[in-house]
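What follows is the residue order along each chain.
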Amino acid sequence: MTVSADAPVRVRVPATSANLGPGFDALGLALALHDEVTARVTEGGLDIQVDGEGGEQVARDETHLVLRAMRAAFAELGETPPGLALQCRNRIPHGRGLGSSAAAIVAGILLARGLVRDGRLRLDDAAVLALASEFEGHPDNVAPCLLGGLTIAWTVDGAARAVRRDLDPAVVPVVLVPPFTASTERARGLLPPTVPHADAAFTAGRAALLVAALTGTPQALFDATADRLHQAYREPAMPEALRLVADLRVLGHPAVVSGAGPTVLVLARGEVEAERVRGAAPIGWAVSAPAVDVAGARILDPPR
Ligand SMILES: Nc1ncnc2c1ncn2[C@@H]1O[C@H](COP(=O)(O)OP(=O)(O)OP(=O)(O)O)[C@@H](O)[C@H]1O
Ligand SMILES: N[C@@H](CCO)C(=O)O
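Only a predicted model underlies this, so the values are computations on that prediction, with no experimental measurement involved.

About the thresholds
- Residues numbered from 1 in each chain as written.
- Chains lettered and ligands numbered in written order.
- Predicted model: local features only at pLDDT ≥ 70, side-chain atom pairs only at ≥ 80, totals over all residues.
- Helix = DSSP H or I, 4+ residues; strand = E, 2+ residues; numbered from the N terminus.
- Expected span 1.5 Å × (residues − 1).
- Buried ≥ 20, exposed ≤ 12 C-beta atoms within 10 Å, placed from the backbone.
- Arc of directions from axis to C-beta.
- UniProt positions renumbered as here; feature names shortened; annotations may be inferred.
- Core = buried A, V, L, I, M, F, W, Y, C linked by C-beta atoms within 7 Å.
- Contact = placed C-beta atoms within 7 Å.

1. Observations concerning helix α9 (residues 239-250)
- The end-to-end C-alpha distance of α9, which contains 12 residues, comes to 17 Å, matching closely the 16 Å that a straight helix rising 1.5 Å per residue would cover.
- Where α9 is concerned, the buried positions are Ala241, Leu244, Val245 and Leu248. Buried residues of α9 fall within an arc of 100 degrees about the axis and therefore sit on the same side. Counted as exposed and oriented over 90 degrees from the buried face of α9: Pro239 and Val250.
- A positive backbone phi angle near 95 degrees is found at Gly252, which sits one or two residues after α9.

In structure tokens:
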């Protein structure tokens, strides 16, 4: 191992909203709501401390997601640390469609890379994106978590790639987070193996329009957020979310399911619309308008 026991690494990773309606498994947006994780190599054993979201539920053993991602990255780097200590300060809610698992995976990989001498040379940013996406199973949360802003991700020969764009400043993302969870695994299991050609064509057109709408033509956002590939199929796993999306869209707001739900995202066109959306939130749902995270995942310590 090429690191010393007294050199902790601290990383900050943002929440993300994937799909954005028609961009299933491709589009994603980074939001200014962050987890922070600190890792240290020790003489032996495993010590995992968790404060905040998931603190009551997540395992403190080898199955912990941040640790599993660290192990995968250490394996890529050909390193085996004698022991590890992790401190997790979680602020991203779990199982809500705000990219908590992608954030945990990105944190783990960046921590492992940061703990190894010349880690950045041995595992470059493209390799981190590919490894994290492989781990998560799709790249649409991982890409904005790493790069910040709006990202369009795709996969070539099994390796994820992404481009980043800045969001038009008139767009105000509003998230409505319910008090219950939905698992991504279940939501993906509800998707059919094939869809009608007309639905695929409709959604491809809207996804292309959505990139234009989010980067300069926000007046097109309502039409641009229509999807026929995934949201309706997932209704049995999150009926309340689908009902809220429908109600908000009847009022003219560009509402979609965030990631695999059940959070609802509205890409409001300015503060006035954002305020109206706040007023339409069902009782018990937490509404906020987090800024867009433009920087993506950052190593905070050691400063670099
Ligand atoms: N910080 C974390 N530490 C440990 N495990 C985590 C962490 N974040 C997420 N997980 C694991 O991932 C699960 C949530 O993943 P899931 O993919 O279902 O939802 P999500 O990532 O929050 O939402 P989405 O993928 O739709 O944006 C949690 O139940 C937990 O097992
Ligand atoms: N594209 C993914 C995002 C959630 O991880 C899905 O909708 O299943």
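Picking up after the structure, the text goes on.
2. A look at the UniProt feature "domain: GHMP kinase N-terminal" (unreviewed entry) in the protein chain
- Summarizing the sequence annotation, UniProt attributes the feature "domain: GHMP kinase N-terminal" (unreviewed entry) to residues 65-149 in the numbering used throughout.
- Helix makes up 60% of residues 65-149 and strand makes up 9%, while its end C-alpha atoms are separated by 24 Å.

3. Some points on the nonpolar core
- Grouped together as the largest cluster of nonpolar side chains are 85 residues, with contacts concentrated most on Val66, Ile105, Val106, Ala107, Ile109 and Leu111.
- For Ile105, the residues in contact, after removing those within four places along its chain, are Leu65, Ala69, Ala132, Phe135, Glu136 and Val142.

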